[in-house]
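Structural description and commentary
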Amino acid sequence: MSDNTLLSTDAIRERALSALRRVGITAPEGTGLTARTPITGRPLFELAATTAEQAEQAVTAAQTAFRTWRTTPAPVRGELVRRLGDLLREHKDDLADLITVEVGKIRSEALGEIQEMIDICDFAVGLSRQLYGRTIASERPGHRLAETWHPLGVVGVISAFNFPAAVWSWNTAIALVCGDTVVWKPSELTPLISLACSHLLDRAAVEADAPREVHRLLLGNRGIGEKLVDDPRVALISATGSTRMGREIGPRVAARFGRSLLELGGNNASIVAPSADLELALHGIVFAAAGTAGQRCTTLRRLIVQRDLADEVVDRLTAAYRKLPIGDPFADGTLVGPLITAAAAEGMRHALARAEAEGGKVLVGGGRRLADEAPDAAYVEPALVRMPEQTAVVREETFAPILYVLTYDDFDEAIALNNAVPQGLSSSVFTRDQQEAERFVAADGSDCGISNVNIGTSGAEIGGAFGGEKETGGGRESGSDAWRAYMRRATTTVNYSSRLTLAQNVSFL
Ligand code: UN1
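None of the values given here were measured: they were computed from a predicted structure.

Before going further, it helps to examine the overall build of the chain. Scanning the chain for helices and strands turns up 14 helices and 23 strands. Over its C-alpha trace the chain gives a radius of gyration of 24 Å, about what one expects of a compact globule, namely 23 Å for 509 residues. On the principal axes, the C-alpha backbone points of the chain span a range of 80 × 60 × 35 Å. Sequence separation of at least 24 residues holds for 75% of the intrachain contacts in the chain that already meet a minimum separation of 6. Positive and negative charge centroids in the chain, built from 53 and 64 side chains respectively, lie 6 Å apart.

Dropping the structure here:
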């Protein structure tokens, strides 16, 4: 397999500019923030960073808009999200281009990310007529007991580089139909797609006759994010990123009694049991481990294979890894694009060295590609590493394509290994044994927020709640009833009789 030729930085810049233009944004200007592309590792443009004063004003504007938005009927709020979904459909190719430019995702995965946004908009529009509360049987005659879900306030969304648009839309589409307003601080590595998403939502607001201040974008570094985290006017901080980041944000938000929804690191495993359909399993494993160059929070990082199968699985995976086309994410046929930064590649090298020191053997991968063509970019070969046991490096999340292979003898041991890491996002089992499948998803099976059977760990649909346990932070976003985190619940008791009856049979006077 040969690496394909890369586009030049000038060609990439032109591609980004024309995508921005079609979305409705003229050439970015200002200073303070640099947009880059991992395809060549080079800078593209300078952009204006949001000042501390502007961030303050953005929260004020969102708070003011909340006062009218919270009483706008939810199905009318849904119309704004419906219009956003229409615009996302119209500009799907343009947005996917920007994601490839800034994140280095291959075309199919970049389009998939936009599809995920369209899907969540559809979901949120339906939800705008389904924000149900319960009526509860009252113990008192002539009383009605009910719960009502009300809008919460300003939601601060802090998102990561790897799903720069989809994670924003999971939060924003749901928050908007719930009657909240949103202030968004994206990763400083992805300002262009953030500008494009924000601009499309502005357009949707104008067209749907909604206040534009329901959404504000803050472009900048960590300091801007911290302002949002510490602002008592921000009712909920929904943050996606590393466990390290979550450890800082969680206590700061809690200290002011704000709410937080944390979506942090994963260290996802798949078990391969003797009855597995190996062809299917291998396909699922390679996508989950090497897809998106290992930069999903759901990326498969640990493979737990029954000992008798291990050699065959490892041989077939090694062969598949050798054939992975690595290179220009815009080129047809590429499956593995670049890592986001040189620092990410350095992190990968460091983890591989540690794995070897801890007794591991790198079976394939780990090398650098395209170093001459793009010295500032970080193209790496996905690595497969056989480990003697679940050592310290295996228990950490390295945000790069490293798959550690471990073996097990009996199924209980496999489940124990799956759970013996600090993170708890995603997990899966490949088996055709129904008892094993059911045990894996049972209460004493996988301890993760996502547990799959006969598919990999990544690529969740938006219809389910997304998130995980332990150091993954416990938050749930996206589908199912994740919307409840974006609303406040009021319990209401109405006495429609002419007697005052006290609960619990209490008598007074
Ligand atoms: C993330 O990596 O932050 O399940 C989100 C998946 C995608 C979302 C990943 N739907 O892999």
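Time to look at the sheet that holds strand 19 (residues 450–453). The strand order across the open sheet built from 7 strands is 12-15-16-11-10-18-19, with neighbouring strands paired in mixed fashion. Each edge of the sheet is formed by a strand with only one pairing partner; in this case those strands are strand 12 (361–364) and strand 19. Averaged over neighbouring strand pairs, the angle between their axes works out to 25° when direction is ignored. Across 4 bridges, strand 10 (residues 268–272) lies against strand 18 (residues 426–430) in parallel orientation. Paired with Ile-271 across the strands is Val-429, a residue of strand 18. Packed onto the sheet, helix 13 (residues 411–419) meets strand 10, strand 11 (300–306), strand 16 (402–408) and strand 18 and runs at close to 150° relative to strand 16.

We now examine the UniProt feature "active site" (unreviewed entry) in the chain. Per the UniProt record, "active site" (unreviewed entry) is annotated on Glu-263. Mapping Glu-263 onto the fold places it in strand 9 (residues 259–263). Among residues more than four places away in sequence, those in contact with Glu-263 are Ala-239, Thr-240, Gly-241, Leu-425, Phe-466, Gly-467, Gly-468, Thr-472, Gly-475 and Glu-477.

What follows deals with the nonpolar core. Residues Val-272, Leu-303 and Leu-317 are the most contacted members of the largest nonpolar core, which totals 141 residues. Structurally, this core is a two-domain feature, drawing no fewer than three residues from each of domain 1 (9–264 + 473–490) and domain 2 (268–463). Those residues in contact with Leu-317 that sit more than four places away from it in its chain are Leu-282, Ile-285, Val-286, Leu-303, Leu-384 and Leu-403. The next biggest cluster of nonpolar side chains, apart from the first, holds 18 residues, and it includes Val-154, Ile-224, Ile-237 and Val-253.

Bringing the side chain of Thr-431 into the picture now. Note on placement: Thr-431 falls in the loop between strand 18 and helix 14 (434–441). For Thr-431, a relative accessible area of 2% corresponds to the buried category. Among the polar contacts made by the side chain of Thr-431, one reaches the side chain of Ser-275 at a distance of 3.0 Å. Of note is the side chain of Thr-431, whose polar atom sits 3.0 Å from the backbone nitrogen of Asp-433. What Thr-431 contacts, discounting residues up to four positions off in sequence, is Ala-273, Ser-275, Ala-276, Glu-436, Ala-437 and Asn-454.

According to the stated counting rule, one finds 36 salt bridges in the structure shown. Note that Glu-14 and Arg-21 form a salt bridge whose closest N and O atoms lie 3.6 Å from each other. Residue Glu-113 is joined to Lys-105 by a salt bridge in which the shortest nitrogen-to-oxygen separation is 2.7 Å. A single burial state applies to Glu-113 and to Lys-105, both of which are buried. If you follow the salt bridges from partner to partner, you end up with Arg-222, Glu-226, Asp-230, Glu-248 and Arg-252 in one network.

In the neighbourhood of the ligand, the contacting residues comprise Glu-116, Asn-162, Phe-163, Trp-170, Arg-296, Cys-297, Thr-298, Ser-458, Gly-459, Ala-460 and Phe-466. Asn-162 has a polar side-chain atom sitting 3.1 Å from an oxygen atom of the ligand. Contact between the ligand and Cys-297: an oxygen atom at 2.7 Å from a main-chain N or O atom of the residue. Within the complex, 99% of the 320 Å² of free accessible area of the ligand lies under protein.

All right, on to the packing of aromatic side chains then. One pass over the full model with this rule turns up 5 aromatic pairs. Taken together, a centroid distance of 6.5 Å and an interplanar angle of 75° make the contact between Tyr-408 and Phe-411 edge-to-face. Neither Tyr-408 nor Phe-411 differs from the other in exposure class; each is buried. In this structure, Arg-15 is placed above the aromatic ring of Phe-330, and the distance from its NZ or CZ to the ring centre is 3.9 Å. When the ring centre of Phe-163 is taken as reference, the NZ or CZ atom of Lys-105 above it lies at 3.3 Å.

On to the sheet that holds strand 3 (residues 135–136), then. As summarised here, the arrangement of the 3 strands in space is 3-4-23, forming an open sheet in which the pairing is antiparallel. Only two strands of the sheet have a single partner each, and these edge strands are strand 3 and strand 23 (487–495). In this structure, strand 4 (residues 143–151) lies alongside strand 23, joined through 9 bridges in antiparallel fashion. In the sheet register, Ala-146 faces strand 23, and the bridge partner there is Thr-492.

Let's shift gears to the domain arrangement of the chain. Looking at the chain, the domain boundaries give domain 1 (9–264 + 473–490) and domain 2 (268–463). Distance from the C-alpha centre of domain 1 to the C-alpha centre of domain 2: 30 Å. With 31 residues of domain 1 at the contact, the number on the domain 2 side is 26 residues. For the pair domain 1 and domain 2, the two sides together bury roughly 2,200 Å², of which 63% comes from carbon and sulfur. In terms of surface lost to domain 2, no three residues of domain 1 exceed Ile-39, Ile-106 and Glu-109, which account for 24% of the buried area on that side. Linking domain 1 with domain 2 are 2 salt bridges. A salt bridge links Arg-42 to Asp-376; its shortest N-O distance comes to 3.0 Å. Counting the contacts that link domain 1 with domain 2 gives 9 residue pairs in polar contact (both at pLDDT 80 or more).

Together, Leu-500, Leu-502, Val-506, Phe-508 and Leu-509 give the surface a local cluster of nonpolar side chains, amounting to about 640 Å² of exposed area. Along the chain, the position of Phe-508 falls in the segment after strand 23. Look at Phe-508 and you get exposed, because its relative accessible area is 65%.

Let us now look at helix 6 (residues 166–177). Between the first and last C-alpha of helix 6 there are 17 Å, a value that for 12 residues agrees with the 16 Å anticipated at 1.5 Å per step. Across the 12 residues that make up helix 6, a large majority, 12, are buried. At the exit of helix 6 stands Gly-179, carrying a positive phi of roughly 95°.

Conventions adopted
Residues numbered from 1 in each chain as written. Predicted model: local features only at pLDDT ≥ 70, side-chain atom pairs only at ≥ 80, totals over all residues. Heavy atoms only, no water. Helix = DSSP H or I, 4+ residues; strand = E, 2+ residues; numbered from the N terminus. Rg over C-alpha atoms; globule rule 2.2 N^0.38 Å. Contact = heavy atoms within 4.5 Å. Lys, Arg positive; Asp, Glu negative; His and termini not counted. Charge placed at Lys NZ, Arg CZ, Asp CG, Glu CD. Pairing = 2+ DSSP bridges. Axes fitted to C-alpha atoms, helices over the stretch in contact; angles between N-to-C directions. UniProt positions renumbered as here; feature names shortened; annotations may be inferred. Core = buried A, V, L, I, M, F, W, Y, C linked by side-chain atoms within 4.5 Å. Buried < 20%, exposed > 50% of the residue type's maximum accessible area, 1.4 Å probe, protein only. Domains from an automatic or database assignment. Polar contact = N/O pair within 3.5 Å; in protein donor to acceptor, adjacent residues only side chain to side chain. Salt bridge = Lys/Arg side-chain N within 4 Å of Asp/Glu carboxyl O. Near = heavy atom within 4 Å. Areas by Shrake-Rupley, 256 points an atom, 1.4 Å probe, with all protein chains shown as cover. Phe/Tyr/Trp six-rings, centres within 6.5 Å; stacked < 30°, edge-to-face > 60°. Lys NZ or Arg CZ within 6 Å of the ring centre and 35° of its normal. Buried area = accessible area lost by both parts, 1.4 Å probe. Patch = residues over 30% accessible without salt bridge, like charges linked within 9 Å, V, L, I, M, F, W, Y side chains within 5 Å. Expected span 1.5 Å × (residues − 1).

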